[in-house]
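An overview of the molecular structure
Residues per chain, in single letters:
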Amino acid sequence: MKPSLLASARSPEELKKIAAELLPELAGEIREFLIQSVAKSGGHLGPNLGVVELTIALHRIFDSPRDVILFDTGHQSYVHKLLTGRGEGFSKLRQRGGTAGYPNRRESEHDVIENSHASTALSWGDGISRAFALQQVSDRSVVVVVGDGALTGGMAWEALNNIAATKDRSLVILVNDNERSYSPTIGGISNYLTTLRATQGYERFLEWGKNVLEKTPVVGQPIFETLHGMKKGIKDIIAPQGMFEDLGLKYLGPVDGHDIEAMENILKAARDFGGPVIVHAITEKGRGFAPAIEDEAEKFHAVGPVDPETGESLSTTGKTWTSIFSDELVAIGTERSDVVAITAAMLGPTGLDKFAERFPERTFDVGIAEQHAVASAAGMAYGGLHPVVALYSTFLNRAFDQLLLDVSLHKAPVTFVLDRSGITGDDGPSHHGMWDLALTGLVPHLKVGAPRDGVRLQELLRESLAITDQPSAIRFPKGSVGADIPAFERRDGLDVLYRGESADILVVSIGAMAAIAVEAAAQAYREGVGVSVIDPRWVKPLSPSLITMAQRYSHVVVIEDGIRHGGIGSTLSEFLRDAGVDIPVHSIGIPLAFIEHSKRAEILHDLGITGQQIARSLVELRSTGELPLMEGMQRPSNENVDQPRSR
């Protein structure tokens, strides 16, 4: 049996030993491995199929980890992980004990940035290369792989502006361009010009030509201007390099990102140039997997488990929170022409694709630019529209200043829809939506709603869009919606979900925690503890009726899927204290820690946020007056940031 090339390419050193003529075969093995692995676990398939040859060339030309390789965004790092010895971990990709879906310092010294939010790596690259230069380290390069829309983020352009200001450092910016519009521009002339322009001799030749021709009577200057203009014209036809060179950055390309030899040649030229260089590589997202190529909308950007042959989804999830929001917004859009939708490069994942199909002129995808999205929404609101800004909860962090000072300060009627709030699971620390309740709690004028089921999501969305004098936010978790949970009654906006036989403990359930809260109350009842469960629906501001209701109970327990520090439990405690009500408030939620990738259910179990575990805690609270701490049940947090740096 022929030995596997992938098995012999477990490190950059081993990769360099493989004969050049065998590299296309290695690329094929990597693609087949990715298709089979991601098909089982789910993950970012399309982007990684597109960077196979590019990553092979990268690791053959540069010496990671001494040369620092940064990925923006990190979901295109699967091939990098395979070529740095982490193939075995793909059997549990994005699962507990397996390889993370993004770069992870705990896994390897070859990984540097763990934050998978886009448009940040150029700033890292600027900082690391400046650090090397200041310490007179001249034999280490920094490579930033930028792709999947990261250059639409304003932070990337802020970084480019600063990178261009300092010339003497080895910084290579490899733009992975998987848009198809530039594909006709790849060819021999482009490759020739790239090689020519990557040499200092080319610059000296231009200067020599200018000096000689300018001394030629009558025709010299016009000839030089014509030749130089022709050169610029040819380059502008071949490649969109003008904007980069206007910044003062050397531009090389475009190059076929699937031609390993061409990639190696251009990366050598960039490495040896001696200053910041843009390398423009054209790749095909989803390359080598027909179902991904045929997926016009997403190119299998991120998938759940799929059939590795057909690409058909194997997931059996029912109705999702996102789909309920999506359908309801379309229904509202048919009734109100002032409702518009804004997203930051997440049209499909946030459910705005249906609204865009129905109302394309009222849908705005601003790219990876959350700050602009929110400030623009404030302007739209001023102009008489009601914008709906749909983001993943974790990405609201990036636009907090605009939420605070552009939207809320001006009391702009903007509705924020925060998908994937709370514990999300597979994507790890940077994608958990743990912070939104604490962050939004700091913002004056902002109303925050947390629906417990699909019916309440529809209800709160409509209530939010009826607000004309302040902003609001609706937050919900990732995944399937459970069964609707009807209320026994509604008191001043508070829904009573479960009535205890005695007034021992009042549980305040936040959003999707309702099912767990009701289950815990029922189990505690069998242990003789009287627990009532209420859902405030709007968690900011809290209803004054909570004060009256709380006074009937010995203890109040808040169950929330956000961080406890600054969360709803903390807010309620302050609320009662300000009203002069001396009742202990306990919080069951997420500790202030970064939580590694695992399934959502596994993480909630670690944190003690299950019906059975909470029931035991309520029984203990009734008998001892103390709620047991849950942090001890949590899986130890990652020590990645403490890993020694490569010197």
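The structure contained in this document is the topic of the report that follows. (Residues numbered from 1 in each chain as written. Predicted model: local features only at pLDDT ≥ 70, side-chain atom pairs only at ≥ 80, totals over all residues. Heavy atoms only, no water.)

Right, let's get into the sheet that holds strand E8 (residues 386-392). Within the open sheet, the 7 strands sit side by side as E7-E6-E8-E9-E11-E10-E16. Their pairing is mixed. The open sheet is flanked by strand E7 (363-365) and strand E16 (538-540), the only strands paired with a single partner. Sheet twist, expressed as the average angle between the axes of neighbouring strands with direction ignored, equals 25°. (Pairing = 2+ DSSP bridges. Helix = DSSP H or I, 4+ residues; strand = E, 2+ residues; numbered from the N terminus. Axes fitted to C-alpha atoms, helices over the stretch in contact; angles between N-to-C directions.)

Attention shifts here to helix H2 (residues 23-41). The terminal C-alpha atoms of H2, which comprises 19 residues, lie 27 Å apart, in line with the 27 Å expected from a rise of 1.5 Å per residue. Taken together, the buried positions of H2 are Leu23, Leu26, Ala27, Ile30, Arg31, Leu34, Ile35, Ser37, Val38, Ala39 and Ser41. On the buried face of H2, the contacting elements are helix H1 (12-17), helix H3 (46-49), helix H4 (52-61), helix H5 (78-82) and helix H12 (260-273). One or two residues past the end of H2 sits Gly42, with phi positive at roughly 85°. (Expected span 1.5 Å × (residues − 1). Buried < 20%, exposed > 50% of the residue type's maximum accessible area, 1.4 Å probe, protein only. Contact = heavy atoms within 4.5 Å.)

Counted under the stated rule, the structure contains 36 salt bridges. The residue Asp139 makes a salt bridge to Arg66 at a minimum N-O spacing of 3.1 Å. Taken together, the positions of Asp139 in the loop between helix H6 (121-134) and strand E2 (142-147) and Arg66 in the loop between H4 and strand E1 (68-72) put the pair 73 residues apart, joining distant regions of the chain. According to the relative accessible area criterion, Arg66 is partly exposed, its value standing at 35%. Between Arg490 and Asp495 there is a salt bridge, with the nearest N and O atoms lying 2.6 Å from each other. On the accessibility criterion, Arg490 (41% relative accessible area) is partly exposed. Residues participating in the shared-partner salt-bridge network are Arg452, Asp453, Arg456, Glu459, Glu463, Arg490, Asp495, Asp535 and Arg537. (Salt bridge = Lys/Arg side-chain N within 4 Å of Asp/Glu carboxyl O.)

For any pair of aromatic rings, the description rests on two quantities: the centre-to-centre distance and the angle between the ring planes. By the definition in use, this model includes 7 aromatic pairs. Measuring from ring centre to ring centre gives 6.0 Å for Trp321 and Phe476, while their planes differ by 10°; the resulting arrangement is stacked. Here the residue Trp321 occupies a position in helix H14 (residues 321-335), and Phe476 occupies one in the loop between strand E11 (472-475) and strand E12 (489-491), the gap between them amounting to 155 residues. Using a relative accessible area of 1% as the deciding quantity, one classes Phe476 as buried. Judged by centre distance (4.9 Å) and plane angle (50°), the rings of Phe355 and Phe359 are tilted. Overall, Phe355 belongs to the buried group, its relative accessible area being 1%. Pairwise contacts between aromatic rings join Phe33, Tyr78 and Phe90 into one cluster. Lying over the aromatic face of Phe359, Arg362 brings its terminal NZ or CZ to 4.2 Å of the ring centre. (Phe/Tyr/Trp six-rings, centres within 6.5 Å; stacked < 30°, edge-to-face > 60°. Lys NZ or Arg CZ within 6 Å of the ring centre and 35° of its normal.)

Turning our eyes to something else, we now look at the packing of H6 against helix H7 (residues 154-163). Axis separation between H6 and H7 bottoms out at 8 Å; the angle between their running directions is 25°. As judged from the angle between their axes, H6 and H7 are roughly parallel. Contacts between H6 and H7 pair Leu122, Ser123, Asp126 and Arg130 from the former with Met155, Ala156, Ala159, Leu160, Asn162 and Ile163 from the latter. The residue makeup of the contact of H6 with H7, split by class, is 6 nonpolar, 2 polar and 2 charged. (Parallel < 35°, antiparallel > 145°, perpendicular 65-115°, else oblique. Nonpolar A, V, L, I, M, F, W, Y, C, P; charged D, E, K, R; others polar.)

When glycine is set aside, most residues are seen to have a negative phi, and most peptide bonds are trans. Between Ser64 and Pro65 the backbone carries a cis peptide bond, its omega angle lying at 5°. You can see Pro65 is positioned in the loop between H4 and E1. With an omega dihedral of 5°, the bond running from Asp72 to Thr73 counts as a cis peptide bond. Structurally, the position occupied by Thr73 is in the loop between E1 and H5. Positive phi is not limited to glycine here, since Ser119 has a value of about 70°. With respect to the helices and strands, the residue Ser119 is situated in the loop between H5 and H6. With a phi close to 60°, Gln136 is a non-glycine residue in the positive phi region. Note that Gln136 resides in the loop between H6 and E2. The exposed category is assigned to Gln136, whose relative accessible area is 72%.

Let us now look at the pairing of strand E13 (residues 494-498). Of all 5 residues making up E13, 5 are buried, and the element is well covered by its neighbours. Here E12 pairs with E13 via 3 bridges, running antiparallel. Bridging across to E13, Glu489 finds its partner in Val496. The turn joining E12 and E13, which pair antiparallel and follow one another in sequence, is formed by 2 residues; a positive phi near 50° is taken by Asp492. Two elements, E13 and strand E15 (residues 531-535), share 3 bridges in a ladder whose sense is antiparallel. Within the sheet, the bridge partner assigned to Tyr498 lies in E15 and is Val533.

The next thing to look at is the sheet that holds strand E3 (residues 171-177). Within the open sheet, the 5 strands sit side by side as E1-E2-E3-E5-E4. Their pairing is parallel. Strand pairing shows two members of the sheet lacking a second neighbour, E1 and strand E4 (250-256), which therefore form its edges. In this sheet, neighbouring strand axes are inclined to one another by 20° on average, regardless of whether the strands run parallel or antiparallel. One ladder, built from 6 bridges, connects E2 with E3; its direction is parallel. Bridge pairing in E3 places Val145 opposite Leu174. Along the sheet, H6 contacts E1, E2 and E3; its crossing angle with E1, the most-contacted strand, is approximately 165°.

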